[in-house]
Amino acid sequence: MNSLKNISLDGCKGMKDSFELGPIRPPSEAYSLLIRVTRNCPWNRCKFCRTYKGEKFQLRPVAEIKQDIRTAKAIQGNIKELAWKSGYGSRVKEIAGMVFNNPPSEAFHNVALWLYAGGESAFLQDANTLIMRTDELAEVIRFLKETFPSIKRITSYARSKTAGKKKLEELVELREAGLSRLHIGLESGYDPLLQYMDKGVTAAEHIIGGRRVVESGISLCEYVILGLGGSKMWREHAIETAKVLNEIAPDFIRVRTLTINNRMPLHNEVDNGNFIRAKDEEILEEERLLIERLECHSNYISDHITNLLQEIEGQLPQDKEKMLAVISRFQALPPKERANFRVGRRIGIYSRLDDLNDLRRREVVEQVMPKLSQGNNEIDEKTIYSLMRGFI
Ligand code: SF4
């Protein structure tokens, strides 16, 4: 048998090796097969979002999407063939691992990574797939399942407003076709903040859309942006967001922390002083208030590197005290330790509070701190914000 090092990827060359991919997917879909069913965002106005700015929304014809699915299938076939030719037989995972480290195209990388992870999930891109006609989206989902019988979970992004415009029967049709989960950007439940950020949806519309998804039996994940209220609206943001989530009771609540770069309209608001960013400590108070007010039975997940305390996770309501205790533990640290942890988090050295006890990691952070603070170990917020920009 060949060793992995000696296997040539020449067998991958010459085939149609590309299909269209959109720019993003949720962190939880990192190993999913990505199929782009629409392009960009039909709303595209949220001040805190940069992903599709300058790009025009387009629906893709079903025939074109199906052709992409067939190409993904052909790539899968080629990776399998390569495994047989290289003496790995049905051990496709090993070959897939080698291919995604050295792929001939982005699409090849995606298929190889998906195969490496077991080939069981797919994510439909881009920002609001539900905007497709229901019969067409159902046709795409059915075709995807027929083409890849190994796929057990199909998920996508959606907007609350669009979900609320679908009839319950339409969402049920999509679930029956194979749509397992929708990821919705709730961001906030506070109307003045939603309006300021130009989210294009009200708290009431979030509730209508979210509840309809839950009622249809499609699993629902709602995303909240910590820090979105800045230092002016953080309290209302937390309280009203909890209220909306309690009304919806999604399966998952996922949090990520506001990070701003110059491709976002919010960047100008910061520059002209209209938006004052919240500091880490304020954001933790906001998160405390949010968690305290949550009464729904949802899984609270912090799977984004922008979150200072990523270990605040659990099943609500039973894990609430445990989650709040993480915030208290951080707040009880001496100021120097808090500063050390914040820097360690923002340069990607620490993942949890216990890492403060890891001498090797600590040493790295202590070497970096003087460079970031011009020698006095006082880290200003601007430095933290600029480190965070590296995460998006
Ligand atoms: S709806 Fe989503 S993708 Fe579209 S602009 Fe807003 S945050 Fe961005």
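Our subject in this report is the structure included herewith.

Parameters at a glance
Residues numbered from 1 in each chain as written. Predicted model: local features only at pLDDT ≥ 70, side-chain atom pairs only at ≥ 80, totals over all residues. Heavy atoms only, no water. Helix = DSSP H or I, 4+ residues; strand = E, 2+ residues; numbered from the N terminus. Rg over C-alpha atoms; globule rule 2.2 N^0.38 Å. Buried < 20%, exposed > 50% of the residue type's maximum accessible area, 1.4 Å probe, protein only. Contact = heavy atoms within 4.5 Å. Areas by Shrake-Rupley, 256 points an atom, 1.4 Å probe, with all protein chains shown as cover. Phe/Tyr/Trp six-rings, centres within 6.5 Å; stacked < 30°, edge-to-face > 60°. Lys NZ or Arg CZ within 6 Å of the ring centre and 35° of its normal. Bend = angle between axes of the 7 residues up to and from the residue. Near = heavy atom within 4 Å. 1 Å grid on protein atoms, 1.4 Å probe; cavity = no way out; pocket = protein on both sides within 12 Å on 5 of 7 lines; lining within 4 Å. Sits in = over half its atoms within 2 Å of the grid points. Pairing = 2+ DSSP bridges.

For the rest of this paragraph, the subject is the overall build of the protein. Secondary structure assignment for the protein yields 15 helices and 10 strands. For a compact globule of 392 residues, the expected C-alpha radius of gyration is about 21 Å, and the protein comes in at 23 Å, within 12% of that figure. Projecting the C-alpha coordinates of the protein onto the three principal axes gives extents of approximately 60 × 55 × 40 Å. Every one of the 392 residues in the protein was classed for burial, and the buried ones make up 54%. By sequence separation, contacts in the protein at least 24 residues apart represent 74% of the contacts at least 6 residues apart. For the protein, the exposed surface amounts to about 17,400 Å²; the carbon and sulfur share of it is 48%.

The next thing to look at is the environment of Gly209. Secondary-structure assignment places Gly209 in helix H8 (residues 203-216). Sequence separation of Gly209 and Lys161 is 48 residues, and the distance between their C-alpha atoms is 6.0 Å. Ignoring sequence-local partners within four residues, the contact set of Gly209 consists of Ser160, Ala163 and Gly164.

The geometry of an aromatic ring pair is captured by the separation of the ring centres together with the interplanar angle, meaning the angle of the planes. Under the criterion given, the structure shown has six aromatic pairs. Taken together, a centroid distance of 5.1 Å and an interplanar angle of 80 degrees make the contact between Trp114 and Phe148 edge-to-face. Of this pair, Trp114 sits in helix H3 (residues 106-116) while Phe148 sits in the loop between helix H4 (134-147) and strand S5 (153-158); the two residues are 34 residues apart in sequence, bridging distant segments of the chain. You can call Phe148 buried: its relative accessible area is 1%. Arranged with centres 5.1 Å apart and planes meeting at 85 degrees, the rings of Phe123 and Tyr157 form a pair that is edge-to-face. On the criterion of sequence distance, the pair formed by Phe123 in strand S4 (residues 121-125) and Tyr157 in strand S5 is long-range, its members being 34 residues apart. The class of Phe123 is buried, set by a relative accessible area of 0%. When its relative accessible area of 15% is taken as the criterion, Tyr157 is described as buried. Feature note: the residues Phe330, Phe341 and Tyr350 constitute an aromatic cluster, connected by ring pairs. For Lys47, the ring lying beneath its charged end belongs to Tyr196, and the centroid distance is 4.3 Å. Above the plane of the ring of Tyr385 lies Arg277, whose end atom (NZ or CZ) is 3.7 Å from the centre.

If you look at helix H9 (residues 230-248), its biggest bend is around 35 degrees, right at Glu236. Residues Gly230, Met233, Trp234, His237, Ala238, Ile239, Thr241, Ala242, Val244, Leu245 and Ile248 constitute the buried set of H9. Those residues of H9 hidden inside the fold are in contact with strand S6 (181-187), helix H7 (191-196), H8, strand S7 (219-226), strand S8 (252-257) and helix H11 (280-293). Once H9 finishes, Ala249 follows within two positions and takes phi at roughly 50 degrees, a positive value.

What follows covers the site of the ligand. Contacts to the ligand come from Cys41, Asn44, Arg45, Cys46, Phe48, Cys49, Tyr52, Ala127, Arg159 and Lys199. Counting atoms within 2 Å of the grid points, the majority share of the ligand lands in the largest pocket.

What follows covers the sheet that holds S8. Reading across from one edge, S1-S4-S5-S6-S7-S8-S9-S10 is the order of the eight strands in this open sheet, with mixed pairing throughout. The open sheet is flanked by strand S1 (33-36) and strand S10 (314-315), the only strands paired with a single partner. Summarising the sheet, S4 and S5 pair through four bridges and their orientation is parallel. Following the sheet pairing, Ala122 is matched in S5 by Ile154.

The subject of this paragraph is the side chain of Lys66. Mapped onto the fold, Lys66 is located in helix H1 (residues 62-85). Relative accessible area serves as the criterion here: at 17%, Lys66 is assigned to the buried category. In this view, Lys66 contacts Glu139 and Phe143; residues no more than four positions away in its chain are not counted.

These values are about where atoms sit, not about what they do.
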